[in-house]
Amino acid sequence: MAAATLVFLLGLGVYNSDAVSEFREHSNHNPEYVISFVKECESGLRSSGYAYAPAGSIMLKQVNRDGSVGEVCTD
């Protein structure tokens, strides 16, 4: 029970962080993602969308509203 509470509180803290707030602001609000691993990517707004890469890499890519999946972490 304590482990579940800890995970919940950590998740809540990450969800309310500045980086995740900025991602939500620039997101297309589509809840569909695909697995896409890109090394050496910094968080920030790009022409391909907003990259949220807290550890310097990306593992998920938000699907576009039309169902397509564009480039990941490109300028």
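None of these values were measured; they are calculated from a predicted model. (Residues numbered from 1 in each chain as written. Predicted model: local features only at pLDDT ≥ 70, side-chain atom pairs only at ≥ 80, totals over all residues. Heavy atoms only, no water.)

Student: Please clarify how the overall build of the protein chain should be interpreted in this entry.
Tutor: From N to C terminus, the protein chain includes 2 helices and 4 strands. Across the protein chain, helices and strands are ordered from the amino to the carboxyl terminus as α-α-β-β-β-β. The 75 residues of the protein chain split such that 24% are buried. Counting only carbon and sulfur atoms, one obtains 59% of the accessible surface of the protein chain, whose full area is about 5,500 Å². (Helix = DSSP H or I, 4+ residues; strand = E, 2+ residues; numbered from the N terminus. Buried < 20%, exposed > 50% of the residue type's maximum accessible area, 1.4 Å probe, protein only. Areas by Shrake-Rupley, 256 points an atom, 1.4 Å probe, with all protein chains shown as cover.)

Student: Can you help me understand the layout of surface pockets in this one?
Tutor: Over the atoms, a rolled probe matching the size of one water molecule traces out where space is still vacant. Space inside the largest pocket adds up to approximately 470 Å³. Forming the walls of the largest pocket are 20 residues, and the residues nearest its centre are F23, Y50, L60, K61 and Q62. No other element matches strand β4 (residues 58-62), which puts 5 residues into the lining of the largest pocket. When grouped by side-chain class, the residues that make up the lining of the largest pocket number 10 nonpolar, 7 polar and 3 charged. (1 Å grid on protein atoms, 1.4 Å probe; cavity = no way out; pocket = protein on both sides within 12 Å on 5 of 7 lines; lining within 4 Å. Points joined across faces, edges and corners; volume = space filled by probe spheres on them. Nonpolar A, V, L, I, M, F, W, Y, C, P; charged D, E, K, R; others polar.)

Student: What's the story with the state of the cysteines in this structure? I'm lost.
Tutor: Joining two cysteines, a disulfide is a covalent bond between their sulfur atoms. The full count for this structure, using the stated rule, is 1 disulfide. With a sulfur-sulfur separation of 1.7 Å, C41 is cross-linked through a disulfide to C73. Taking the torsion about the sulfur-sulfur bond, which here is approximately 90°, the covalent link between C41 and C73 counts as right-handed. Pair noted here: C41 is in the loop between β1 (33-38) and β2 (44-46) and C73 is in the segment after β4, with a separation of 32 residues, a long-range link. Both residues of the pair, C41 and C73, count as buried. (Disulfide = S-S within 2.5 Å.)

Student: Mind showing me how you'd approach the side chain of K61 here?
Tutor: Looking at the secondary structure, you find K61 in strand β4. Of the side chains with opposite charge, D66 lies nearest to the buried K61, which makes no salt bridge, at 9.1 Å. Leaving out residues up to four positions away in the same chain, K61 has contacts with E32, Y33, V34, S36, S48, V69, G70, E71 and V72. (Lys, Arg positive; Asp, Glu negative; His and termini not counted. Salt bridge = Lys/Arg side-chain N within 4 Å of Asp/Glu carboxyl O. Contact = heavy atoms within 4.5 Å.)

Student: Please clarify how the nonpolar core should be interpreted in this entry.
Tutor: Across soluble globular proteins, you tend to see nonpolar side chains buried next to one another. With 7 residues, the main nonpolar core is built from V38, C41, A51, A53, I58, V72 and C73. What V38 contacts, discounting residues up to four positions off in sequence, is G56, S57, I58, V72 and C73. (Core = buried A, V, L, I, M, F, W, Y, C linked by side-chain atoms within 4.5 Å.)

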